[in-house]
Amino acid sequence: MDKLMNNHWFIKIFSLLLAIMLYMSANIEKETKSGVITRNTVGQEDTETLTNVPVVVYYDEENLIVSGIPKYVNITLQGPASIVKPTALQRDFEVYIDLTDLPLGTYTVPIKYKDISDKLKVQIHPSTARVTIQEKVSKNFSVGVDLINKNKVPEGYVIEQPLVKPNSVTITGAKQLIDSISSVRARIDLGGATDTVTQESRVTVYDSRGNVLNLDVQPSVVEVTVPIKSPSKTVPLKINRTGSLRKGLSIVKIETIPNQVTIFGEKEKIDSIEFIDGITINLDEITKDTTLEMDVPLPKGVKSVDPAKVKVVVDVQEEKTKTLKEVPIHVIGLGDQYTVDFIDPQKGAMDIQLYGAPDVLDNIQPNDVKLYIDVSDLGVGEHEVKAELNGPQNIKWELPKKSVKIKINER
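Source: prediction; values computed, not measured.

## Things to note about the overall build of the protein chain
The helix and strand inventory of the protein chain stands at 6 helices and 36 strands. Within the protein chain, the proportion of its 411 residues that are buried is 33%. In the protein chain, of all internal contacts separated by at least 6 residues, the share reaching a separation of at least 24 is 70%. Summing over all exposed atoms, the protein chain offers an accessible surface of approximately 25,500 Å²; the carbon and sulfur share of this is 48%.

## Some points on the packing of aromatic side chains
Counted by the stated rule, this structure contains 1 aromatic pair. For the ring pair Tyr 58 and Tyr 96, a centre distance of 5.9 Å and an interplane angle of 75° mean the geometry is edge-to-face. Of this pair, Tyr 58 sits in strand β4 (residues 45-58) while Tyr 96 sits in strand β7 (residues 94-98); the two residues are 38 residues apart in sequence, bridging distant segments of the chain. Owing to a relative accessible area of 31%, Tyr 58 belongs among the partly exposed residues under this scheme. Positioned above the aromatic ring of Tyr 96 is the side chain of Lys 114, whose terminal nitrogen or guanidinium carbon lies 5.4 Å from the ring centre.

## Topic: the sheet that holds strand β14 (residues 163-165)
Taken in spatial order, the 3 strands line up as β14-β20-β17 in an open sheet, and their pairing is antiparallel. The open sheet terminates on both sides in strands that have one partner only, identified here as β14 and β17 (197-202). Adjacent strand axes in the sheet meet at a mean angle of 25° when their direction is disregarded. With 6 bridges joining them, β17 and strand β20 (residues 221-226) adopt antiparallel strand pairing.

## Here's the deal with the confidence of the model for the protein chain
Of the residues in the protein chain, 90% have a pLDDT of 70 or more, and the chain-wide mean is 88. Counted against residues more than four places away or in other chains, residues 28-43, with its pLDDT under 50, gives 33 contacts.

## Some remarks on helix α3 (residues 81-90)
Residues of α3 that are buried: Ile 83, Val 84, Thr 87 and Ala 88. Along α3, the residues classed as buried sweep out an arc of 115° about the axis, all on the same side. Turned more than 90 degrees away from the buried face of α3, the exposed residues are Ser 82 and Gln 90. Looking one or two residues beyond α3, the residue adopting positive phi is Arg 91, at roughly 50°.

What counts and how
- Residues numbered from 1 in each chain as written.
- Predicted model: local features only at pLDDT ≥ 70, side-chain atom pairs only at ≥ 80, totals over all residues.
- Heavy atoms only, no water.
- Helix = DSSP H or I, 4+ residues; strand = E, 2+ residues; numbered from the N terminus.
- Buried < 20%, exposed > 50% of the residue type's maximum accessible area, 1.4 Å probe, protein only.
- Contact = heavy atoms within 4.5 Å.
- Areas by Shrake-Rupley, 256 points an atom, 1.4 Å probe, with all protein chains shown as cover.
- Phe/Tyr/Trp six-rings, centres within 6.5 Å; stacked < 30°, edge-to-face > 60°.
- Lys NZ or Arg CZ within 6 Å of the ring centre and 35° of its normal.
- Pairing = 2+ DSSP bridges.
- Axes fitted to C-alpha atoms, helices over the stretch in contact; angles between N-to-C directions.
- pLDDT = per-residue confidence, 0-100.
- Arc of directions from axis to C-beta.

In structure tokens, the structure reads:
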């Protein structure tokens, strides 16, 4: 090693290689994350252009809104290579605009820099910005709903009032823009919907010309529920009875509250339903005035029923009796070519003993009860025919004779 160091040819060759390496290091082009750095050396001077350098803005962010600030600029550094290179690579400088002392208005302001060596010549492109400083305000607005594809909801389905959660939003921005707000809307697509739709929707702000305004909206997304009711129909309820009241007790009335319900479903399926059957009262369990809460049965093809439960009110009283005298016996089913003679009873009338609650019996008149015999299948001659009675609900009756003796004659 000592021999090499003492050899003047070795020293010359080593010095030449070192010079070449320093030259290449000073003149090579490098690419940074922010853009391309172009290096041109004239002697020991260096010039580099940095692109996409972010711009920092100083102003009262709590009370002001600033527009017109470029997000990035390009900056050219010129000076000694030993300073330009580390400055460009480290980027520990700041490009900024200072608006702290300016009142509301529009200005052309310089774009400045700091933390760059005084030995470097700095050029910023662009070097100025046209900025507008406005008052920052916040205001609450209610959110309306635009329903898209309403015409694609099947016929017969009813779209009800949308519900928005939350129903208002806070919008922040320049006072001039806030004052220009005409509507705040959310959009919901109802295409093909046959049931309640719940969707999240982005809030959009419009001016009076329908232009979208770029403002800070909180919250920016709301939940919208659009109730959609299927075709409906109102039908009565049929109350069935099983068992019997204890002896001496009679029904005044059995009614439901409400006495009708609304059924929902496809139109062709609910059109044929005239009433809802399936609610049954067990009279064995009724010993006094009673109110029951009962589920409403869901007929086949029906999606839902409203209300789903009804109250069944059963009013009872101690049973009493009432006699209707000589109620005429009607003949039904007799052809025009025949006549009827009553043999027993000869007058063609009978007394009827009625049993029921006093409130029911007191309101019954002779015309409310029809006593009849059916001779539809009988021919000429004498016959004994069972007597039937058609009268108000919740009464029982008793006849002095269970059958009537008659004679059918040809005219």
